[in-house]
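Take a look at the letters that make up each chain.
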Amino acid sequence: MINFVTTNPGKVAEAREYLDEPVEQLDFDYPERQAPDLATVAAHGARAAYRHAGEPVIVDDSGLTIDALDGFPGPYSSYVEDKLGIERVWELTKRESDHSGAFRAVIAYCDGEGFEATPEPVDTERRGQDTAADRRGGATTDEQVDGEGLPVRLFTGAARGKIVAPRGNGGFGFDPIFEYDGQTYAEMSTEEKNAISHRGRALAKFAEWYETTER
Ligand SMILES: O=c1[nH]c(=O)c2ncn([C@@H]3O[C@H](COP(=O)(O)OP(=O)(O)OP(=O)(O)O)[C@@H](O)[C@H]3O)c2[nH]1
(Lines give C-alpha, C1' and ligand atoms only; values in the text may rest on other atoms or scores of the structure.)
Protein backbone atom coordinates (compact mmCIF):
# COMPACT_ATOMS: atom_id res chain seq x y z
CA MET A 1 0.00 0.00 0.00
CA ILE A 2 1.24 3.48 -0.88
CA ASN A 3 0.32 6.55 1.18
CA PHE A 4 -0.18 9.49 -1.18
CA VAL A 5 -0.15 12.62 0.97
CA THR A 6 -2.14 15.31 -0.82
CA THR A 7 -5.25 17.43 -0.52
CA ASN A 8 -5.93 16.91 -4.23
CA PRO A 9 -8.13 13.90 -5.05
CA GLY A 10 -7.40 14.40 -8.77
CA LYS A 11 -3.78 13.42 -8.22
CA VAL A 12 -4.83 10.33 -6.28
CA ALA A 13 -7.29 9.23 -8.96
CA GLU A 14 -4.48 9.32 -11.52
CA ALA A 15 -2.08 7.39 -9.28
CA ARG A 16 -4.76 4.75 -8.57
CA GLU A 17 -5.35 4.30 -12.27
CA TYR A 18 -1.65 4.00 -12.90
CA LEU A 19 -0.16 1.91 -10.11
CA ASP A 20 -0.78 -1.79 -9.44
CA GLU A 21 -0.23 -1.21 -5.73
CA PRO A 22 -3.26 0.11 -3.74
CA VAL A 23 -3.01 3.88 -3.15
CA GLU A 24 -4.37 5.46 0.03
CA GLN A 25 -4.99 9.22 0.17
CA LEU A 26 -3.72 10.87 3.33
CA ASP A 27 -5.41 14.24 3.24
CA PHE A 28 -2.77 16.23 5.09
CA ASP A 29 -1.96 19.78 4.05
CA TYR A 30 1.77 19.66 4.73
CA PRO A 31 3.45 23.06 4.98
CA GLU A 32 4.57 23.97 1.47
CA ARG A 33 7.89 25.63 1.27
CA GLN A 34 8.18 28.56 -1.13
CA ALA A 35 10.94 27.76 -3.62
CA PRO A 36 11.58 28.47 -7.30
CA ASP A 37 11.76 24.77 -8.22
CA LEU A 38 9.31 21.92 -7.78
CA ALA A 39 11.97 19.46 -6.59
CA THR A 40 12.76 21.46 -3.47
CA VAL A 41 9.08 21.92 -2.65
CA ALA A 42 8.36 18.20 -3.18
CA ALA A 43 11.37 17.02 -1.15
CA HIS A 44 10.51 19.29 1.73
CA GLY A 45 6.86 18.19 1.57
CA ALA A 46 7.78 14.49 1.56
CA ARG A 47 9.83 14.90 4.73
CA ALA A 48 7.02 16.76 6.49
CA ALA A 49 4.48 14.19 5.27
CA TYR A 50 6.64 11.27 6.44
CA ARG A 51 7.05 12.85 9.86
CA HIS A 52 3.29 13.30 10.03
CA ALA A 53 2.34 9.82 8.79
CA GLY A 54 5.15 7.79 10.38
CA GLU A 55 4.95 5.50 7.32
CA PRO A 56 6.42 5.59 3.80
CA VAL A 57 4.81 8.35 1.74
CA ILE A 58 4.77 9.95 -1.66
CA VAL A 59 3.88 13.56 -2.38
CA ASP A 60 3.54 15.28 -5.74
CA ASP A 61 4.40 18.86 -6.48
CA SER A 62 3.38 19.93 -9.91
CA GLY A 63 2.81 23.01 -11.97
CA LEU A 64 2.21 24.65 -15.29
CA THR A 65 4.92 26.78 -16.90
CA ILE A 66 3.98 29.20 -19.66
CA ASP A 67 6.92 30.04 -21.92
CA ALA A 68 5.82 33.57 -22.91
CA LEU A 69 5.29 34.40 -19.23
CA ASP A 70 8.80 33.28 -18.23
CA GLY A 71 7.60 30.04 -16.65
CA PHE A 72 4.72 31.58 -14.68
CA PRO A 73 2.92 30.22 -12.62
CA GLY A 74 5.37 27.28 -12.08
CA PRO A 75 5.63 26.27 -8.42
CA TYR A 76 2.93 28.84 -7.59
CA SER A 77 0.33 27.13 -9.80
CA SER A 78 -1.94 26.13 -6.97
CA TYR A 79 -2.00 29.66 -5.55
CA VAL A 80 -2.60 31.19 -8.97
CA GLU A 81 -5.38 28.71 -9.74
CA ASP A 82 -6.98 29.64 -6.46
CA LYS A 83 -6.60 33.43 -6.76
CA LEU A 84 -6.83 34.12 -10.51
CA GLY A 85 -8.55 31.03 -11.86
CA ILE A 86 -7.76 29.27 -15.11
CA GLU A 87 -9.85 31.63 -17.30
CA ARG A 88 -7.65 34.56 -16.31
CA VAL A 89 -4.48 32.55 -16.87
CA TRP A 90 -5.78 31.91 -20.39
CA GLU A 91 -6.59 35.64 -20.79
CA LEU A 92 -3.00 36.51 -19.83
CA THR A 93 -1.59 34.00 -22.29
CA LYS A 94 -3.96 34.91 -25.12
CA ARG A 95 -2.30 38.32 -25.53
CA GLU A 96 1.07 36.71 -26.24
CA SER A 97 2.07 35.37 -29.64
CA ASP A 98 3.61 32.18 -28.19
CA HIS A 99 1.10 29.97 -26.37
CA SER A 100 3.43 27.08 -25.64
CA GLY A 101 3.95 25.74 -22.14
CA ALA A 102 4.64 22.65 -20.11
CA PHE A 103 3.30 20.74 -17.18
CA ARG A 104 5.83 19.32 -14.81
CA ALA A 105 5.48 16.96 -11.85
CA VAL A 106 7.92 15.85 -9.20
CA ILE A 107 6.96 12.86 -7.09
CA ALA A 108 8.95 12.59 -3.87
CA TYR A 109 9.18 9.36 -1.88
CA CYS A 110 10.32 9.25 1.72
CA ASP A 111 10.42 6.26 4.04
CA GLY A 112 13.00 7.45 6.52
CA GLU A 113 15.68 5.16 5.04
CA GLY A 114 18.72 6.06 2.98
CA PHE A 115 19.13 5.37 -0.74
CA GLU A 116 22.05 4.78 -3.00
CA ALA A 117 22.63 7.93 -4.99
CA THR A 118 21.84 6.85 -8.55
CA PRO A 119 20.64 9.90 -10.45
CA GLU A 120 17.97 9.18 -13.02
CA PRO A 121 18.10 10.61 -16.54
CA VAL A 122 16.28 13.90 -16.88
CA ASP A 123 13.46 14.62 -19.32
CA THR A 124 14.77 16.38 -22.37
CA GLU A 125 11.34 17.66 -23.25
CA ARG A 126 11.14 20.59 -20.90
CA ARG A 127 12.31 24.16 -21.11
CA GLY A 128 12.71 26.88 -18.54
CA GLN A 129 12.45 26.18 -14.81
CA ASP A 130 15.18 23.57 -15.21
CA THR A 131 17.12 24.23 -12.07
CA ALA A 132 20.13 22.45 -10.63
CA ALA A 133 17.89 20.69 -8.10
CA ASP A 134 15.69 19.42 -10.95
CA ARG A 135 18.63 18.26 -13.01
CA ARG A 136 19.95 16.24 -10.12
CA GLY A 137 16.83 14.05 -10.17
CA GLY A 138 17.26 10.56 -8.73
CA ALA A 139 18.25 9.96 -5.16
CA THR A 140 19.02 12.95 -3.08
CA THR A 141 20.41 13.41 0.36
CA ASP A 142 19.43 16.12 2.78
CA GLU A 143 22.54 18.10 2.01
CA GLN A 144 21.67 17.95 -1.68
CA VAL A 145 18.25 19.43 -1.18
CA ASP A 146 17.85 21.39 1.99
CA GLY A 147 19.76 19.92 4.86
CA GLU A 148 16.82 18.61 6.82
CA GLY A 149 18.05 15.18 7.68
CA LEU A 150 15.84 12.71 5.75
CA PRO A 151 16.75 11.29 2.34
CA VAL A 152 14.11 11.65 -0.35
CA ARG A 153 13.88 10.03 -3.76
CA LEU A 154 12.60 12.19 -6.64
CA PHE A 155 10.89 11.18 -9.91
CA THR A 156 10.20 13.83 -12.52
CA GLY A 157 7.92 14.02 -15.53
CA ALA A 158 7.14 16.73 -18.05
CA ALA A 159 4.76 17.21 -20.96
CA ARG A 160 4.93 20.09 -23.41
CA GLY A 161 1.79 21.51 -24.96
CA LYS A 162 -0.20 24.66 -25.65
CA ILE A 163 -2.34 26.95 -23.52
CA VAL A 164 -5.80 27.25 -25.10
CA ALA A 165 -9.30 28.58 -24.30
CA PRO A 166 -10.95 26.17 -21.81
CA ARG A 167 -12.36 22.95 -23.34
CA GLY A 168 -13.56 19.68 -21.80
CA ASN A 169 -15.10 18.54 -18.53
CA GLY A 170 -12.68 15.93 -17.19
CA GLY A 171 -9.65 16.15 -14.95
CA PHE A 172 -8.92 18.96 -12.54
CA GLY A 173 -7.02 22.21 -12.15
CA PHE A 174 -5.69 23.66 -15.39
CA ASP A 175 -6.69 20.59 -17.43
CA PRO A 176 -9.22 22.50 -19.62
CA ILE A 177 -6.62 25.04 -20.82
CA PHE A 178 -3.71 22.66 -21.50
CA GLU A 179 -3.73 21.07 -24.94
CA TYR A 180 -1.53 18.14 -25.87
CA ASP A 181 -1.59 16.80 -29.38
CA GLY A 182 -4.92 18.43 -30.30
CA GLN A 183 -6.83 17.51 -27.13
CA THR A 184 -6.97 19.27 -23.78
CA TYR A 185 -6.21 17.18 -20.71
CA ALA A 186 -9.85 17.76 -19.72
CA GLU A 187 -11.01 16.12 -22.96
CA MET A 188 -9.07 12.94 -22.21
CA SER A 189 -9.98 9.96 -20.04
CA THR A 190 -7.76 9.46 -17.00
CA GLU A 191 -6.14 6.56 -18.83
CA GLU A 192 -5.41 8.68 -21.92
CA LYS A 193 -4.05 11.53 -19.80
CA ASN A 194 -1.84 9.17 -17.76
CA ALA A 195 -0.32 7.77 -20.94
CA ILE A 196 1.16 11.12 -21.92
CA SER A 197 0.97 13.44 -18.93
CA HIS A 198 3.69 14.88 -16.70
CA ARG A 199 2.30 12.96 -13.72
CA GLY A 200 1.93 9.75 -15.72
CA ARG A 201 5.59 9.99 -16.70
CA ALA A 202 6.71 10.61 -13.13
CA LEU A 203 4.44 7.79 -11.89
CA ALA A 204 5.95 5.42 -14.47
CA LYS A 205 9.44 6.10 -13.13
CA PHE A 206 8.26 5.77 -9.55
CA ALA A 207 6.43 2.49 -10.29
CA GLU A 208 9.43 0.99 -12.02
CA TRP A 209 11.67 1.83 -9.09
CA TYR A 210 9.13 0.87 -6.42
CA GLU A 211 8.35 -2.50 -7.94
CA THR A 212 11.97 -3.47 -8.44
CA THR A 213 13.47 -2.21 -5.18
CA GLU A 214 13.62 -4.18 -1.99
CA ARG A 215 12.62 -2.13 0.98
O1 LIG B 1 -4.85 20.81 -15.01
C2 LIG B 1 -4.06 20.28 -14.28
N3 LIG B 1 -3.67 19.03 -14.56
C4 LIG B 1 -2.75 18.38 -13.88
O5 LIG B 1 -2.44 17.24 -14.17
C6 LIG B 1 -2.19 19.08 -12.81
N7 LIG B 1 -1.25 18.78 -11.94
C8 LIG B 1 -1.16 19.82 -11.15
N9 LIG B 1 -2.01 20.77 -11.51
C10 LIG B 1 -2.22 22.05 -10.87
O11 LIG B 1 -0.98 22.54 -10.45
C12 LIG B 1 -1.09 22.94 -9.10
C13 LIG B 1 -0.30 21.95 -8.30
O14 LIG B 1 -0.14 22.43 -7.02
P15 LIG B 1 0.34 21.48 -5.89
O16 LIG B 1 1.32 20.49 -6.42
O17 LIG B 1 0.74 22.32 -4.74
O18 LIG B 1 -0.96 20.63 -5.55
P19 LIG B 1 -2.31 20.93 -4.78
O20 LIG B 1 -2.22 22.20 -4.01
O21 LIG B 1 -3.43 20.81 -5.76
O22 LIG B 1 -2.39 19.68 -3.79
P23 LIG B 1 -1.30 19.12 -2.72
O24 LIG B 1 -0.83 17.81 -3.29
O25 LIG B 1 -0.21 20.13 -2.60
O26 LIG B 1 -2.07 18.91 -1.46
C27 LIG B 1 -2.57 22.93 -8.74
O28 LIG B 1 -3.11 24.17 -9.08
C29 LIG B 1 -3.09 21.85 -9.65
O30 LIG B 1 -4.45 22.01 -9.94
C31 LIG B 1 -2.66 20.36 -12.52
N32 LIG B 1 -3.60 20.95 -13.24
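Since the model is a prediction, treat every value here as computed from it, not as a measurement.

Trainee: Would you mind going over the packing of aromatic side chains with me for this structure?
Mentor: In this description, a pair of aromatic rings is defined by centroid distance and the angle of the planes. Counting across every chain of the model gives ten aromatic pairs. Geometrically, the ring pair formed by Tyr 109 and Trp 209 is edge-to-face, given 5.1 Å between the ring centres and 65° between the ring planes. With Tyr 109 in strand S5 (residues 100-110) and Trp 209 in helix H8 (residues 198-212), the pair connects residues that are 100 residues apart, well separated along the chain. By relative accessible area, Tyr 109 is classed as buried at 3%. The exposure class assigned to Trp 209 is buried, which follows from its relative accessible area of 12%. Relative to Phe 206, the ring of Phe 155 has its centre 5.5 Å away and its plane inclined at 80°; by these criteria the two rings are edge-to-face. Of this pair, Phe 155 sits in strand S7 (residues 152-163) while Phe 206 sits in helix H8; the two residues are 51 residues apart in sequence, bridging distant segments of the chain. Pair check on accessibility: Phe 155 and Phe 206 agree, each one buried.

Trainee: Help me out: how do you make sense of the site of the ligand in this one?
Mentor: Taken together, the neighbourhood of the ligand is formed by 20 residues, with Thr 6, Glu 81, Phe 174, Asp 175 and Lys 193 sitting nearest. Measuring from an oxygen atom of the ligand, one finds a side-chain N or O atom of Lys 11 at 2.8 Å. Between Ser 78 and the ligand, the recorded distance is 2.9 Å, taken from a side-chain N or O atom to an oxygen atom. For the ligand, whose unbound accessible area comes to 620 Å², protein coverage reaches 94%. Using a 2 Å cut-off from the grid points, one finds that the ligand occupies the largest pocket. Of all the secondary structure elements, the ones that give two or more residues to the shell around the ligand are strand S3 (57-66), helix H3 (77-83) and H8. Residue composition of the shell around the ligand, by class: four nonpolar, eight polar and eight charged.

The rules behind these values
Residues numbered from 1 in each chain as written. Predicted model: local features only at pLDDT ≥ 70, side-chain atom pairs only at ≥ 80, totals over all residues. Heavy atoms only, no water. Phe/Tyr/Trp six-rings, centres within 6.5 Å; stacked < 30°, edge-to-face > 60°. Helix = DSSP H or I, 4+ residues; strand = E, 2+ residues; numbered from the N terminus. Buried < 20%, exposed > 50% of the residue type's maximum accessible area, 1.4 Å probe, protein only. Near = heavy atom within 4 Å. Polar contact = N/O pair within 3.5 Å; in protein donor to acceptor, adjacent residues only side chain to side chain. Areas by Shrake-Rupley, 256 points an atom, 1.4 Å probe, with all protein chains shown as cover. 1 Å grid on protein atoms, 1.4 Å probe; cavity = no way out; pocket = protein on both sides within 12 Å on 5 of 7 lines; lining within 4 Å. Sits in = over half its atoms within 2 Å of the grid points. Nonpolar A, V, L, I, M, F, W, Y, C, P; charged D, E, K, R; others polar.

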